[in-house]
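Now for the letters of each chain:
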Amino acid sequence: MRKQLHFIVILLFTSSLALAQQPNKPSSSEIFESIQKLNFLGSVLYVAAHPDDENTRLISYMSNKVKARTAYLSLTRGDGGQNLIGPEIRELLGVMRTQELLAARRVDGGEQLFTRANDFGYSKHPDETLSIWDKDKVLSDVVLAIRKFKPDVIINRFDHRRAGRTHGHHTSSALLSMEAFDLVNNPLSYPEQLSTTELWQPKRLFYNTSWWRYGSREEFDKVDKSNMMMFDIGIYYPLKGLSNNELASIASNQHLCQGFGRLTYRGSQEEYIEFLKGESPNGSTNIFEGVDTSWNRIKGGNAIGNLLNEVETNFNFRNPSEHLPKLLQAYQLLTKVENEHWKSIKTKELKSIIESCAGLYLEVSAETNWATPNETINLNIEVLNRSQQSMLLRSINTSNELQISKEINLKENTKFDFKEPITIPNNQKPTTPYWLAEKGTLGMYKADPKFIGLPETPRVFNVDFNLVINQVPITFTKPVVYRYSKPDKGELYKPFEIIPEASAKISEGVIILDSDVQREIEVIVKSGRDNLDGFVQIAHPNDWSVYPEKQKVNIANRGQEQRLTFTVIPPKEQSEGLLTPMVHIGEQIYTRELIEIDYDHIPFQTVLLPSESKIVRLDIQKRGENIGYIEGAGDVVPESLRQIGYNVTTIKPEDISAENLNRFDAVVIGIRAYNTVEELKFKQQILFDYVAQGGNMIVQYNTSHRVKVDAIAPYDLKLSRDRVTDENAEVTLLAENHEILNYPNKITSKDFEGWTQERGLYFPNEWSNEFTPILSMNDKDESPKSGSLLVAKHGKGHYIYTGLSFFREFPAGVSGAYRLFANMLSLGKNDIN
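What counts as what
- Residues numbered from 1 in each chain as written.
- Predicted model: local features only at pLDDT ≥ 70, side-chain atom pairs only at ≥ 80, totals over all residues.
- Heavy atoms only, no water.
- Buried < 20%, exposed > 50% of the residue type's maximum accessible area, 1.4 Å probe, protein only.
- Helix = DSSP H or I, 4+ residues; strand = E, 2+ residues; numbered from the N terminus.
- 1 Å grid on protein atoms, 1.4 Å probe; cavity = no way out; pocket = protein on both sides within 12 Å on 5 of 7 lines; lining within 4 Å.
- Points joined across faces, edges and corners; volume = space filled by probe spheres on them.
- Pairing = 2+ DSSP bridges.
- Axes fitted to C-alpha atoms, helices over the stretch in contact; angles between N-to-C directions.
- Contact = heavy atoms within 4.5 Å.
- Parallel < 35°, antiparallel > 145°, perpendicular 65-115°, else oblique.
- Left-handed = near helix turned anticlockwise from the far one by under 90°.
- Nonpolar A, V, L, I, M, F, W, Y, C, P; charged D, E, K, R; others polar.
- Phe/Tyr/Trp six-rings, centres within 6.5 Å; stacked < 30°, edge-to-face > 60°.
- Lys NZ or Arg CZ within 6 Å of the ring centre and 35° of its normal.
- Salt bridge = Lys/Arg side-chain N within 4 Å of Asp/Glu carboxyl O.

Draft legend 1. Spatial organisation of helix 9 (residues 244–252). Helix 9 sits mainly inside the fold: nine of its nine residues count as buried. Asn244, Asn245, Glu246, Leu247, Ala248, Ser249, Ile250, Ala251 and Ser252 are the residues of helix 9 that are buried.

In structure tokens:
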């Protein structure tokens, strides 16, 4: 029975995260925990570089055991990582990982903050990282985060003393935190921030150390820990039915696109933090030593604390509404507090508790999940008082500042439903992640100053419910959402978004033409309103031609699409550029693509990005036609190979057989397939036999961690963490006369120009004599790495292992990457041989 209940608790945590904007419906135990946190006036800021860097065990402990207001400052949104569950990379991956972080914080009880730093990919040294990021701007954002959040304690995830020995982003996060600690109370440091915030000095700063910092548990046992604090982060929470580390595991599991789905952990577990800077705790085990974390911390707080501590001490789990009189009295006192920082934080917390204790249900659901400027839509408003307390709905205010008088006595458990129209202003900007509204640089996003640090764009459309409870006026604000249902999923929620009246995209993000023969392309126009009328043109490079010059758009209903076919005529010589569809509606021109990200574990996301497709007239030859592709962690390589004329068939693991494989000129293994596809361990010998019989097998990169197969190659091959992060690193052709560099395309150094983000990753560093290394490359001040492309003759066929980042280069339309991969697919098909 206990296991069954435990499963239900975890299921509640995980499944609820998929319901975007769902109204919070806390239980009595959750209300009680909120009151405990309300009575603690102390803050902890955890600092690291990426989504999934954070130690959810410590964040959860600080939030749920210590009851501190706890936030994670992630310097980036993880845009440069890989995606194990879908095709989104770069900016769209950053949007996904932002939402995964927010999902994790909803589990562990923390808050989420960011800087404008762009995750440009792996960096080997903080000097490189900080030069690409623009150190001063990121440092400014860290200072701003500290000044706004006002932490008493800062905890760095990474060690500032390990430059060059770990990810440059990691070390940079610690270095910036150390520097910011000394700047936040200096009025000469970023004085422009002081118009919206104020100076602050954290009490102390720690480093979240661990045995892995010292190489082994045995070595860590020898370390002098007199400067450290230890916490048992395996503590059990009876009110939750979960241990802290179980809760932390569930939070960490939200990082699904990074493959963090894993078993929960429970039982006693030690966590260490090392004191670095500030006022020493002098041997105390209290991280807040010397900080008054009671209501006495603020002027006028004593009376509030007396009321709220009494509520906590005598909390009625059966009838929380019993405490409303004292909670409302505390609320009235809190509105008079001079300390604006704590007044704002605690007012928000207290209002939420009052709402929960009253069983008050307030919801505003639009009739659709999106609207366009100048459109009028209906809002379905639901109000329900599920307590015996006297309650009056005096009025509501919509986002356009229209106050609507109601004067409704909210009787116990009597639901009131009504509709109110709302008109979207004509000048309302469409909804999109604020950091993507303008094009940034490789290392930095641009952002409206008032949004810097926020995890997502604030909701524009809200409704204020102006109530009177027990003669006390109080206002609750709710965002407009879209509530709907599906027969196979039940009740669901989506955020309410504003979209443009027209958006467009070319159906292919990269268009490769291997000759000067004209080609048809498809433009998809989506209407955001009824009766859309206009025309479409395509902006294109001067040496390309597109006809017709324009085509008419006429769409009757909102949400519908119209597909238009244009013909592109390439130049005679190799050339590349961008195509942008331009939708003319009246005097407006729309050049953005509307992108929707829809996964069960995060809220539905709407993103507007410049609508651009790269078009390439490529001098490329190829041999063979039919390619089998075994998918791994998600990439667009199959679509890219179709672009250059291959017939690509996706092979499911269960369909891997000698008979099926013999149909293909080559078989390609997707990225990280050996890390993610369990069934392949039973199919490796079949694949090796295919090679021995004359087949061509190409294996793309895998990590050395959690390999599912016994052998990734027919000969000895050892994966490492070797990588070349400089996309412009010089490439040496080691095997200049090898067929793979000469047939059917002559590969030269020019083919390695224009690569993006990196050369490659997780190269093998040891291999048997059967392999021939083809290329050598290295980052600055490092030894040459020759494991990026290895070829072995096996029987009558060829086995190729490559760590080159084709999965990044293909979507960017990098010509040389296509030419080299065509040679890999053509290996062994030289007519001369």
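There is more to say, and it comes next.
Draft legend 2. How the structure looks around empty space enclosed by the protein. One pass over the structure, following the stated rule, counts one cavity of 30 Å³ or more. The volume enclosed by the largest cavity comes to roughly 40 Å³. Surrounding the largest cavity, Arg77, Thr115, Arg116, Tyr434, Trp435, Tyr445, Ala447, Ile452 and Gly453 form its lining.

Draft legend 3. Representation of the sheet that holds strand 9 (residues 270–278) in the model. Judged by pairing direction, the sheet is mixed, and its seven strands sit side by side in the order 3-2-1-4-5-9-6 without closing on themselves. Two strands in the sheet have a free side with no partner beyond their single neighbour: strand 3 (111–114) and strand 6 (228–232). Taken pair by pair, the neighbouring strands of this sheet meet at an average axis angle of 30°, ignoring direction. In terms of strand pairing, strand 2 (residues 69–74) meets strand 3 through four bridges, oriented parallel. When the sheet's bridge partners are listed, Ala71 is paired in strand 3 with Glu111. The strands touched by helix 4 (residues 91–108) within the sheet are strand 2 and strand 3, with strand 3 carrying the most contacts at an inclination of about 150°.

Draft legend 4. Spatial organisation of the pairing of strand 41 (residues 789–794). The buried count for strand 41 comes to five of six residues, which makes it a mostly enclosed element. Bridging between strand 39 (residues 771–773) and strand 41 involves three bridges; their strand directions are antiparallel. Across the sheet, residue Thr772 finds its bridge partner in strand 41, namely Val791. Pairing of strand 41 with strand 42 (residues 797–802), which is carried by six bridges, proceeds in the antiparallel orientation. Pairing of Val791 across the sheet is with Ile800, part of strand 42. In textbook terms, the turn of a hairpin is the stretch between consecutive antiparallel strands, and for strand 41 and strand 42 this stretch comprises two residues, one of which, Gly795, has a positive phi near 60°.

Draft legend 5. Representation of the packing of helix 3 (residues 56–65) against helix 9 within the structure. Where helix 3 meets helix 9, the axes come as close as 8 Å, and the angle between the chain directions of the two elements is 120°. Relative to helix 9, the element helix 3 lies oblique. Where helix 3 crosses over helix 9, the two elements pack in a sense that is right-handed. Along its contact with helix 3, which presents Thr56, Arg57, Ser60, Tyr61 and Asn64, the element helix 9 presents Asn244, Leu247, Ala248, Ala251 and Ser252. Within the contact of helix 3 with helix 9, the residues separate by chemical class into four nonpolar, five polar and one charged.

Draft legend 6. Summary view of the sheet that holds strand 20 (residues 502–506). Strands sit in the order 20-22-26-24 across an open sheet of four strands; the sheet is antiparallel. The strands lining the two open edges of the sheet, one partner per strand, are strand 20 and strand 24 (545–547). Strand-to-strand, the axes of this sheet are offset by a mean angle of 30°, without reference to chain direction. In the sheet, strand 22 (residues 519–527) pairs with strand 26 (residues 561–569) via eight bridges, with the strands oriented antiparallel. Across the sheet, residue Ile524 finds its bridge partner in strand 26, namely Arg563.

Draft legend 7. Up close: the packing of aromatic side chains. Within this structure, the stated rule accounts for 24 aromatic pairs. Judged by centre distance (6.0 Å) and plane angle (70°), the ring pair of Phe206 and Phe275 falls under edge-to-face. Taken together, the positions of Phe206 in strand 5 (residues 204–207) and Phe275 in strand 9 put the pair 69 residues apart, joining distant regions of the chain. Take Phe206 and Phe275: they sit in the same class, and that class is buried. Measuring from centroid to centroid gives 4.8 Å for Phe806 and Phe821, while their planes differ by 75°, and the two rings are edge-to-face. Taken as a pair, Phe806 in helix 17 (residues 806–809) and Phe821 in helix 18 (residues 815–826) lie far apart in primary sequence, 15 residues in all. You can call Phe806 buried: its relative accessible area is 0%. Three or more aromatic residues joined by ring pairs make a cluster, and in this case those are Phe752, Trp755, Phe806, Phe810, Tyr818 and Phe821. Lys351 extends its terminal NZ or CZ atom over the ring of Phe476, reaching a point 5.9 Å from the ring centre.

Draft legend 8. Looking closely at the pattern of salt bridges. In total, this model carries 51 salt bridges according to the counting rule given. Its salt-bridge partner being Glu219, residue Lys222 comes within 3.2 Å of it at the nearest N-O pair. Connected through shared salt-bridge partners, Lys124, Asp779, Glu782 and Lys785 make up one network.

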